[in-house]
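A look at the structure
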Amino acid sequence: AEIALNQARIESQTIATYLQGEDERYLRELMIIRDLPIAISQGQLHLVFQPKVDIHSNSCNSAETLIRWQHPQLGFIPPDEFIRLAENSGNISMISDWVLNTTIKQLAQWQAQGIALTVAINLSAHDLTNAQLPLDIKQLLADNHLPIEALSIEVTEGTVMKDAQTVIAVLQQFKGIGIAIAIDDFGTGHSSLAYLKMLPVNEVKIDRSFIKDIHTDATDLMIVDTSIRLIKGLNLSVVAEGVESAEGINILRRLDCDIVQGYVYSKPLKADEFTTWFSQFNQPNLSANIKDTVN
Ligand code: C2E
Ligand code: MG
Ligand code: MG
Ligand code: MG
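Described in the following lines is the structure provided in the data block. (Residues numbered from 1 in each chain as written. Chains lettered and ligands numbered in written order. Predicted model: local features only at pLDDT ≥ 70, side-chain atom pairs only at ≥ 80, totals over all residues. Heavy atoms only, no water.)

The next thing to look at is the environment of glutamine 109. Looking at where glutamine 109 falls in the secondary structure, it is placed in helix H3 (residues 92-112). For glutamine 109, a relative accessible area of 48% gives the class partly exposed. Remark: the alpha-carbon pair of glutamine 109 and asparagine 144, spanning 35 residues in sequence, is separated by 9.9 Å. (Helix = DSSP H or I, 4+ residues; strand = E, 2+ residues; numbered from the N terminus. Buried < 20%, exposed > 50% of the residue type's maximum accessible area, 1.4 Å probe, protein only.)

A separate point is the side chain of arginine 68. Within the fold, arginine 68 resides in strand E2 (residues 59-71). Among buried Asp, Glu, Lys and Arg side chains, arginine 68 stands out as unpaired, with aspartate 80 the closest opposite charge at 8.6 Å. Excluding residues that lie within four positions of it along the chain, arginine 68 makes contacts with Gln44, Leu45, His46, Val48, Phe76, Pro79 and Pro268. (Lys, Arg positive; Asp, Glu negative; His and termini not counted. Salt bridge = Lys/Arg side-chain N within 4 Å of Asp/Glu carboxyl O. Contact = heavy atoms within 4.5 Å.)

Here the focus is helix H6 (residues 164-177). The first and last C-alpha atoms of H6 sit 20 Å apart over 14 residues, in line with the 20 Å expected at 1.5 Å per residue. Looking only at H6, the buried set comprises Val167, Ile168, Val170, Leu171, Phe174 and Ile177. Looking one or two residues beyond H6, the residue adopting positive phi is glycine 178, at roughly 95°. (Expected span 1.5 Å × (residues − 1).)

Attention now goes to the nonpolar core. Trp110, Leu141, Ile153, Phe174, Ile206, Val224 and Leu252 are the most contacted members of the largest nonpolar core, which has 80 residues in total. Sort the elements by how many residues they give to this core and H3 lands first, with eight residues. In this structure, phenylalanine 174 is in contact with Leu123, Leu128, Leu133, Pro134, Ile137, Ile153, Ile179 and Ile181, ignoring residues within four places of it in sequence. (Core = buried A, V, L, I, M, F, W, Y, C linked by side-chain atoms within 4.5 Å.)

Put into structure tokens, the structure is as follows:
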């Protein structure tokens, strides 16, 4: 009887802890959803930029923009978390609008400084059901005297799955006006191969989960090797995401990967830090140094 009582005590304790955890998570999510609209008007959001490096020429001419939110009470909230909640609460287009406008402003500033870049923004499923978006973006670029190549978009396979017909039509429009499209997190979605055939994409980004152990895991190496052959066989450009070591770069170069993104080159940087990184990296002498350490 004592054992049973103890068991019951342990169980009810476990349930209590669980409920407490659930309640806390629930409260946190409510706060995030409640505060998202305020975050924009109060300037709590900012963008960071992560370089994409061409590993054949050792140069950088593109970057990805990633959103950051410093919440006054909750502190740093990972974008994976609040983007999902923004999608579920109908707030995502507000976020995407802000990202788009802020990126364009930054691009205009870089252009004025003589820095020519293609910057990729991440779009969500809901954005890709907006048939007006491609033309809005085209207009925004024109209004800011930026070439159409200044901006590109990244979408995940999951994004496309939600409403394939509508999304594909919108992607076709993006392609039609000359905006490059990348498939993000390749390998983590479902019908990867079917989508590659069907979608008007220019670039495929192999997910970090396959890249991170490439120097020690023979299975990952095989998967990445095969993916690169497939992607390049389809005449698309290939990006390896989340490369953290020089060893990783050497392997990827051998596998004929085109572009690398990862901490090995740089973490995502604030605009002014990016400007400094960019001009140093693309300087012939300095990039030779980085190249040496990486080879
Ligand atoms: P993603 O688009 O696949 O972005 C790549 C993520 O990997 C970023 O995380 C980046 O900081 C991280 N990363 C890059 N290199 C390395 C590396 O070498 N090692 C490791 N460990 N991580 C690396 P982040 O910024 O936390 O973003 C996570 C996801 O949130 C993004 O995945 C994207 O799906 C979403 N996201 C971020 N910003 C936006 C945005 O403005 N709009 C939308 N819709 N989604 C966004
Ligand atoms: Mg991305
Ligand atoms: Mg990714
Ligand atoms: Mg991701």
